[in-house]
Amino acid sequence: MVLLEIRHLGGALDRRPESGNAIDTRGSAYLLYGVAFGSPDQAEMFGRHLDGLISALQPWSSGRRFVNFFSAADAEAVPAGYRPETFRRLVELKKTYDPQNLFRLNHNIAPV
């Protein structure tokens, strides 16, 4: 079973709050979410299908990723969840407040 969602963004989802935050999907018209469910022996096949879908939609992609939809396998993609200047700011905050990387069991931003 494969689940595919195309979420229309805009309105409140597109407005930057006065206090600011690190959410960087603003300015995108849509958000694509795909997930597959099945037995472990189907994981590679599902991965190929979802990768093919992402490749086919690449011409319309902003290149950004929605952090809440990352999986454990997406550890290398964490920077793509943020604009470059936002990611640099988050790395600096991590270096300042968590240099030992205690809080790492998430979509980790390493204090490098």
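Residues numbered from 1 in each chain as written. Predicted model: local features only at pLDDT ≥ 70, side-chain atom pairs only at ≥ 80, totals over all residues. Heavy atoms only, no water.

Examining the pattern of salt bridges
Per the counting criterion, the structure on display carries four salt bridges. Residue Lys 95 pairs with Glu 92 through a salt bridge whose shortest N-O separation is 3.1 Å. Pair noted here: Lys 95 and Glu 92 are both in helix H2 (residues 84-97), with a separation of three residues, about one helical turn. Overall, Lys 95 belongs to the partly exposed group, its relative accessible area being 35%. With a shortest N-O distance of 3.3 Å, Asp 98 and Lys 94 are connected by a salt bridge. Lys 94 matches Asp 98 in its accessibility class, with the two residues each being buried. (Salt bridge = Lys/Arg side-chain N within 4 Å of Asp/Glu carboxyl O. Helix = DSSP H or I, 4+ residues; strand = E, 2+ residues; numbered from the N terminus. Buried < 20%, exposed > 50% of the residue type's maximum accessible area, 1.4 Å probe, protein only.)

With respect to H2
Compared with the 20 Å implied by 1.5 Å per residue over 14 residues, the 20 Å span of H2 between its first and last C-alpha is a close match. All of the buried residues in H2 are Thr 86, Phe 87, Leu 90, Val 91 and Lys 94. Viewed along the axis of H2, the buried residues span an arc of 140°, placing them on a single side of the element. Exposed residues on H2 whose side chains face more than 90 degrees from its buried face are Arg 88 and Thr 96. (Expected span 1.5 Å × (residues − 1). Arc of directions from axis to C-beta.)

Considering the side chain of Lys 94
With respect to the helices, strands and loops of the structure, Lys 94 is situated in helix H2. On the basis of relative accessible area, Lys 94 is assigned to the buried category, the value being 11%. Aside from chain neighbours lying at most four places away, what touches Lys 94 is Pro 99, Asn 101, Phe 103, Asn 108, Ile 109, Ala 110 and Pro 111. (Contact = heavy atoms within 4.5 Å.)

Treat this as a map of the structure, not an account of what it does.
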